[in-house]
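Observations on the model geometry
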Amino acid sequence: MVFLGASFIRYLLQGSSPVRLKSCNWRLTKFETRLLPTTMSSSPRPSEDGEEPVSSRTSPIRPLLDLSGAAIQGSREDKNPSIVLPNQSEEISHFAVDLGGSLIKLVYFSRRADRETTNSGNRALSPVRKLDHLKRGGFEAELRRYGGFPILGGRLHFVKFETSKVNDCLDFIQSKRLHLCKAGGAKDGVIKATGGGAFKFADMFKERLGATIDKEDEMGCLVAGANFLLRAIRDEAFTHLEGEKKFVQIDHNDLYPYLLVNIGSGVSMIKVDGDGQYERVSGTNVGGGTFWGLGRLLTKSKSFDELLEISQGGDNSAIDMLVGDIYGGLDYSKIGLSASTIASSFGKVIGQDKPLSEYRREDIALSLLRMISYNIGQVAYLNALRYGLKRIFFGGFFIRGHAYTMDTMSFAIRYWSKGEAQAMFLRHEGFLGALGAFLNYDKHGLSNLTAHQCVERFPMGAPYARGEVYGPPIRDLNGKITWMDKFVSKGNEITAPVPTSYPGTTGLGGFERPLARSCSLRSDASAALNVGVLHLVPSLEPFPLLADIQSYEPNTVDLSDQSEREYWLKILSSNLSDLVEKAVASEGGTPDVIRRGDAFARAFKAHLARLREEPAAYGQLGLANLLEMREECLREFHFQDVYLAIKQRENEASMVVLPDLLAELDSLEPSARLLALIEGVLAANIFDWGSRACVELYRSGTILEIYRMSRNKMRRPWRVDDFDSFCDRMRVNEITGIPLKPHKRALLFVDNSGADIVLGMIPLARELLMRGTEVVLVANSLPTINDVTAVELPSIIAAAAKHCEILRKAATAGGLLVDVVDDDLTEKDQAEVPFLTVVENGCGSPCIDFRQVSSELASLADDTDLVVLEGMGRALHTNFNAKFKCDVLKLAMVKNQRLAEQIINGSIYDCVCRFEPKEQS
């Protein structure tokens with residue numbers, strides 16, 4: 001162990017010398033990318049005695065890296081040393097609260113080291129080119145982009161408590177140690193807070209937590225929170241009409257102006273014209289507090305949620321006076337009112353001489369809910385009309401994702417505007433104020449985040465669901481599994497919200513009650529949208545080669561169709577037992593591993609059950625999201641790479657036959673060789689452990705037997721066959737063999753390990769290298785099924801390079817073979833040899849969403865003129881219809897019958913070779 005002073009560590013982190021960086025094999029560069037702007041800041045720093053330095057709101061102090069006692073772990077000969085920071089806390093968090101009259105909403109930020117991220121060694125670029133890339137697109141660009149304050153990767157968590165249970169909130173904060181953060185470098189903790197309780201509970205927070213509340217303007221926080229959510233979360237806004245949710249994609253260039261209706265205890269209506277540009281134009285004292293207060297008096301309900309829940313079984317016609325009650329059961333068609341229209345809320349009680357105890361609680365709750373919801377909707381529309389606004393967003397915890405509440409408001413807006421305006425709701429509806437207060441810390445640079453840098457995930461092992469706290473915070477995996485056993489499973493059955501059915505309810509918000517497809521609207525428990533953990537990943541960017549990022553839709557399969565959705569949910573359910581078996585076997589099959597496997601199975605079953613009941617629970621659902629959820633659930637229970645051993649065996653088996661394959665290819669003339677290469681890619685793509693059909697093949701033959709069988713079936717024409725067009729684009733001079741129009745750089749998005757990468761994509765990459773094209777192999781950042789990862793590829797390339805000089809020279813020039821000294825390569829040769837490099841794509845799914853790829857991959861787009869998408873996940877499940885600004889080749893063998901029928905009108909084991917040349921301007 002070599003100990004270093006803080007100044008020397010900072011010297012290393014500043015990247016003063018390529019030699020120093022290279023000596024650490026780029027692990028320091030990883031630190032450099034994330035931490036350099038923080039440690040090199042010219043902002044004031046805490047003095048040695050801990051006093052707060054002078055600073056202004058425009059020059060916030062950001063958290064500093066604690067380098068005291070830093071050490072490089074390992075010997076001098078270690079090529080991959082790690083830096084240990086013994087005095088750096090594992091988790092640095094900041095939080096803010098909205099202390100409302102009814103509810104406390106808490107948002108907290110965690111920068112804890114994430115098991116879900118991986119250090120691929122950053123071998124994507126050679127050392128010299130890596131430095132050039134960082135200078136061009138790294139720190140300097142990031143500092144300019146975020147005004148000198150780079151965003152910090154981490155997580156945003158959303159939690160709520162009833163205000164009457166403020167002590168539970170304080171216990172939660174203490175157990176998570178959130179109050180120990182020193183915002184702004186203050187000696188005591190400072191908590192950003194908004195809402196009336198910021199004054200009411202200031203002394204309690206000081207006494208219990210030793211923390212000072214920094215009060216933020218409530219309206220400003222609401223607007224800041226809404227603007228952030230609408231800009232940064234892709235599926236934040238949705239409409240809800242006649243029981244149907246539809247997510248709305250907001251054009252960020254056309255967001256303003258809009259009306260923000262925040263329904264808390266009271267209601268505020270705010271006209272928003274931009275960031276920090278807003279005006280409270282109206283409001284009403286009849287809001288969520290009114291509903292809860294009157295509801296408690298009239299129904300003796302113990303909580304807001306209980307009041308909403310009992311309203312599900314209500315029939316308001318027993319209490320409300322309807323138009324039909326006045327006109328003898330007839331419509332008042334002359335003015336467009338039906339008999340079921342509410343003429344007077346609670347009006348029927350006037351003529352009934354009955355005590356309160358004789359009225360059903362359910363009827364009272366429903367009548368009260370509709371009265372308040374409808375009036376809020378009508379007042380909101382009148383204000384929107386006054387200012388010419390056609391977009392109205394509703395927020396606040398009064399809504400709670402409640403179907404009747406949203407439908408009532410939506411009907412009011414649609415009716416009075418004659419369909420010209422629409423009501424929209426927010427998935428994080430209740431957290432606007434808390435999030436806005438959190439953004440006032442400034443240091444995180446969150447206000448500059450966009451949707452491609454935010455990934456929302458939905459862990460099951462948590463003490464709260466949909467933001468509601470059910471138990472103490474979980475600190476370890478064992479606690480998570482115990483929580484799963486207690487709250488999610490009941491025997492072998494997974495408990496999931498069930499829609500409530502009830503007859504005879506009439507009069508929604510003064511109009512006819514809309515019917516859902518199931519002839520009833522879902523209960524609040526089922527309709528509520530889940531709020532996940534928002535992962536902030538600054539290193540994600542949209543892929544610059546997309547033809548149109550605004551219209552891009554990655555998913556080919558439409559899961560909004562019920563039969564389609566049920567088919568895929570059934571597929572995932574049926575494959576679960578086999579996956580659990582492999583997961584347990586991959587880590588030794590000990591009792592602890594078996595317990596983790598069972599917990600994963602329960603958790604994923606609960607996800608599937610939730611999606612069956614409410615497909616929109618997690619936002620707009622696509623097949624890519626569904627498959628990624630499975631992988632995230634595995635990682636949540638610490639199954640990092642279920643197929644690791646299988647992949648290694650398949651790589652070794654495939655590498656044995658690679659030399660003979662390359663020799664066979666070299667004996668062919670160029671056009672025949674190109675056909676053989678494409679056939680090889682398609683044949684090798686059969687090896688996919690994610691396919692039930694392929695798993696059956698594995699049981700009946702060895703990897704080489706299956707490959708030969710697949711190769712023998714490669715007979716043209718394929719189901720989608722653009723090979724001739726691709727061959728024409730790749731033509732060479734028949735005399736010299738020199739390509740007529742070689743591509744400058746090709747990005748090859750690889751798929752499976754084993755034969756797929758070794759016998760399929762590596763030979764194709766070699767062919768492109770021979771034609772003078774730089775090749776970048778793009779692989780997953782995180783493991784998924786048997787897909788090859790970016791961290792695995794360098795060793796595979798190194799093994800293949802032993803059999804091929806072309807691969808060896810290109811990999812050496814590209815920086816993949818850092819331990820190889822190639823005496824045959826002169827400086828001139830190094831300049832002429834095309835690079836072979838590896839880059840991670842930024843995801844951990846069998847599919848790929850080009851709205852969110854790694855910054856390293858995005859930076860390579862400038863000189864790329866060929867993209868190759870290989871495999872069902874990347875070329876069929878997603879991106880089959882995607883358009884790009886360069887030549888694109890999509891290759892896949894179809895291993896799913898339904899996919900074959902729907903996308904290519906074919907059958908299983910059909911092949912797709914789709915070539916889309918760059919459109920000439």
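One can find the structure itself at the top, above this paragraph.
Below is a summary of the structure that appears in this document. Per-chain numbering applies: the sequence of each chain, read as written, is numbered from 1 onward. Per-residue local features of the predicted model are confined to residues with pLDDT of at least 70, and side-chain atom pairs are confined, for both listing and counting, to 80 or more; whole-chain, interface and lining totals are unaffected and use all residues. Water and hydrogen atoms play no part in the side-chain values, which are based on all heavy atoms of the structure.

1. A few points about the overall build of the protein
- Of the regular secondary structure elements, the protein holds 33 helices and 32 strands.
- Relative accessibility under 20% of the residue-type maximum defines a buried residue, over 50% an exposed one, and the middle range a partly exposed one, all with a 1.4 Å probe and only protein chains included. The buried share of the protein, taken over its 921 residues, is 58%.
- Working definition of accessibility: Shrake-Rupley area with a 1.4 Å probe, residue cover restricted to the visible protein chains. By element, 50% of the accessible surface of the protein is carried by carbon and sulfur atoms, the whole surface being about 37900 Å². Per the convention used, a helix needs a DSSP run of H or I reaching at least four residues, while a strand needs a run of E reaching at least two, with both numbered from the N terminus.

2. Let's talk about the packing of helix α27 (residues 755–770) against helix α28 (residues 793–801)
- Only the stretch in contact is used when fitting a helix axis, every axis being a line fitted to C-alpha atoms; angles between N-to-C directions are given from 0 to 180 degrees. One can describe the packing of α27 onto α28 by two numbers: an axis separation of 11 Å at closest approach and a directional angle of 75°. Here α27 lies roughly perpendicular to α28, going by the angle between them. Of α28, the residues touching α27 (which contributes I757, V758 and I762) are L793, I796, I797 and A800. When describing relative orientation, an angle under 35 degrees is termed roughly parallel and one over 145 degrees roughly antiparallel, while 65 to 115 degrees is termed roughly perpendicular and anything else oblique. Contacts were defined at the residue level, with two residues in contact if any of their heavy atoms lie within 4.5 Å.

3. Quick word on the sheet that holds strand β13 (residues 277–284)
- A sheet is described by the order of its strands in space; here 7 strands give the open sequence β10-β9-β17-β16-β11-β12-β13, paired in mixed fashion. Whereas interior strands pair on both sides, the edge strands pair on one side only; in this sheet they are β10 (244–247) and β13. When strand polarity is set aside, the average angle formed by the axes of neighbouring strands in this sheet is 30°.
- Bridge count for strand β11 (residues 258–263) against strand β12 (residues 267–274) is 6 bridges, and the pairing is antiparallel. Each bridged residue has a counterpart across the sheet, and for V261 the counterpart in β12 is M269. At least two bridges found by DSSP between two strands is the condition for calling them paired.

4. A short note on the sheet that holds strand β27 (residues 774–779)
- Read from one edge to the other, the open sheet built from 7 strands follows the order β25-β32-β31-β30-β26-β27-β28, with strand pairing classed as mixed. Looking at which strands have only one partner, the edges of the open sheet turn out to be β25 (720–721) and β28 (836–840).
- Pairing analysis gives 5 bridges linking β27 to β28, with the strands arranged parallel. For V776, the partnering residue across the bridge sits in β28 and is T837.

5. Things to note about the packing of aromatic side chains
- In this analysis, rings of Phe, Tyr and Trp, with Trp reduced to its six-membered ring, are considered paired at centre separations within 6.5 Å, and the interplanar angle assigns stacked below 30 degrees, edge-to-face beyond 60, and tilted for intermediate values. The full count for this structure, using the stated rule, is 23 aromatic pairs.
- Seen from their ring centres, W292 and F304 are 5.5 Å apart, and the 85° between their planes marks the pair as edge-to-face. Taken together, the residues span a long stretch of sequence, with W292 in helix α10 (residues 288–299) and F304 in helix α11 (residues 304–311) at a distance of 12 residues.
- Taking the relative accessible area as the measure of exposure, W292 reaches 9% and is therefore buried.
- By relative accessible area, which is 3% here, F304 ends up buried.
- Taken together, the ring pairs connect F543, Y552, F749, F850 and F884 into an aromatic cluster.
- The residue whose ring lies beneath K354 is Y359, and the NZ or CZ to ring-centre distance is 4.4 Å. As a reminder, the over-ring test applies to NZ of lysine and CZ of arginine, requiring each to be within 6 Å of the ring centre and within 35 degrees of the ring normal.

6. A few points about helix α18 (residues 562–574)
- Its 13 residues place the ends of α18 18 Å apart at the C-alpha level, agreeing with the 18 Å of an ideal helix rising 1.5 Å per residue.
- Those residues of α18 not exposed but buried are E564, R565, W568, L569 and L572. Down the axis of α18, the smallest arc covering the buried residues is 130°, so these residues share one side. Exposed and facing more than 90 degrees away from the buried side of α18 are Q562 and K570.
- The secondary structure elements touched by the buried residues of α18 are α19 (576–586), α20 (591–613), α21 (623–636), α32 (872–877) and α33 (897–903). The length a helix should cover is 1.5 Å for every residue beyond the first. Taking the helix axis as origin, the arc is that swept by the directions to the C-beta atoms.

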